[in-house]
Amino acid sequence: MPDLERPEGPGGYDPVGPRPREAVSPTGQGGAIDLALEEAESLEKVPGPGSGPREKARSLWSDAWHQLRRNPVFLISSLLILFLVVIAIWPQLIASGDPLHCELSKSQQGPEPGHPFGYDTQGCDVYTRTVYGARASITVGVCATLGATLLGSLLGGLAGFFGGWGDALLSRVADIFFGIPVILGGLVFLSVVTSTTVWPVVGFIVLLGWPQLARIARGSVITAKQNDYVQAARALGAGNARMMLRHVAPNAVAPVIVVATIALGTYIALEATLSFLGVGLRPPTVSWGIDISNAASQIRNAPHMLLYPAGALSITVLAFIMLGDAVRDALDPKLR
């Protein structure tokens, strides 16, 4: 059956519209019609906003790592801490001497070839003792931080999650420990200890350091357990252990990590302070605090004895504090 003729408007314009067979067929002679058809076909080949592969949403930790890799403070502090850890484990890599070998004939002498930092009062090589002193200081800092973080996070997390009388009891016990002066407590507690190892100092720092981590963990858990996904998990019948491990703890651990990283540098400084006062690490243990204590009375005659161990201590503490600041900035979106 032939197509019915349709009326055309003025100038040949069809008010009803083009016929289906003629609307999509190019003329084959170029011109505006063929160009428009080619552009339309090319636009159809471009994937739309939802048609192509989408970038996977980053979690808090992946986003934090993305920020840390571009932070020069984090890179510098991480490389410095890595170097300090390596020389603490293998000090013989850069110091071939014996830190306990001393020659009284060279007492308080300045730098000379093979001994760039000079000698101390007993004639020991200051360079060798400075390198070997990193082992005791970093061991105390790392072990004390791990102990205080684990104990504080466990007690604070349980108190914040369950609340009740356990939460009230933990708060009062923490207040008691907060009221003990750190230096005075160290003088009293460590003065009765005769061991020359690092463990009494580590135990004392953990004893006075866990309340701070417990308060941080308690506050983070209380905030995390009020989120909607935790309430939804509870409504679906999830047990306390599952909610604590799967939903609350992963979202409450970030502030604890930040505080623990900064506290590590503080604990290293605290160990040096207690050793300087004579109640921390004791000879024959090699420590920066012991060397600083021995050099304090000779600062005018032989300043090199104090300069190098004190400088190493300051750089180490600064590196851990810088690392903690960088981690805090990466884990807290409000600071970006």
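Residues numbered from 1 in each chain as written. Predicted model: local features only at pLDDT ≥ 70, side-chain atom pairs only at ≥ 80, totals over all residues. Heavy atoms only, no water.

Please provide a residue-by-residue account of the nonpolar core, values included.
Ranked by size, the top nonpolar core spans 30 residues in total, and within it Ala134, Ile268, Leu313 and Leu331 carry the most contacts. Elements that contribute at least two residues to this core include exactly helix H3 (60-68), helix H4 (72-89), helix H5 (126-162), helix H10 (240-276), helix H11 (288-296) and helix H12 (304-331). In terms of residue count, the dominant contributor to this core is H12 (12 residues). Beyond its immediate stretch of four places on either side in the chain, leucine 313 contacts Ile268, Ala272, Trp288 and Ile292. Leu190, Val201, Val259 and Leu274 belong to the second-largest nonpolar core, a separate cluster that totals 24 residues. (Core = buried A, V, L, I, M, F, W, Y, C linked by side-chain atoms within 4.5 Å. Buried < 20%, exposed > 50% of the residue type's maximum accessible area, 1.4 Å probe, protein only. Helix = DSSP H or I, 4+ residues; strand = E, 2+ residues; numbered from the N terminus. Contact = heavy atoms within 4.5 Å.)

Now, about the environment of asparagine 294: what can you tell me, with residues and values included?
Note that asparagine 294 resides in helix H11. Look at asparagine 294 and you get partly exposed, because its relative accessible area is 45%. Taking the C-alpha atoms as reference points, asparagine 294 and threonine 121, 173 residues apart in sequence, are found 7.8 Å from one another. Residues in contact with asparagine 294, not counting those within four places in the same chain, are Thr121 and Met305.

Would you mind going over the packing of aromatic side chains in detail, with residue names and values included?
Using the criterion set out here, one finds six aromatic pairs in the structure. When the ring of phenylalanine 161 is compared with that of phenylalanine 162, the centres are 5.1 Å apart and the planes differ by 85°; the resulting orientation is edge-to-face. With relative accessibility at 7%, the residue phenylalanine 161 sits in the buried group. The class for phenylalanine 162 is exposed, based on a relative accessible area of 53%. Seen in terms of ring centroids, phenylalanine 189 and phenylalanine 204 are 5.7 Å apart; in terms of plane orientation they differ by 25°. Their pairing is stacked. A residue pair is termed long-range when its members are at least 10 positions apart, and phenylalanine 189 in helix H7 (residues 182-190) and phenylalanine 204 in helix H8 (residues 199-224) qualify at 15 residues. Following the ring pairs from residue to residue traces out a cluster consisting of Phe117, Tyr127 and Tyr308. (Phe/Tyr/Trp six-rings, centres within 6.5 Å; stacked < 30°, edge-to-face > 60°.)

Hey, could you go over the environment of threonine 149 for me, with residue numbers and the actual values?
Note that threonine 149 resides in helix H5. A C-alpha to C-alpha distance of 9.2 Å links threonine 149 and alanine 217, two positions 68 residues apart in sequence. For threonine 149, the residues in contact, after removing those within four places along its chain, are Leu213, Val256 and Ala260. In this structure the side chain of threonine 149 is engaged in a polar contact, spanning 2.6 Å, whose partner is the backbone oxygen of threonine 145. (Polar contact = N/O pair within 3.5 Å; in protein donor to acceptor, adjacent residues only side chain to side chain.)

Scope: geometric values only; no functional claims are made or implied.
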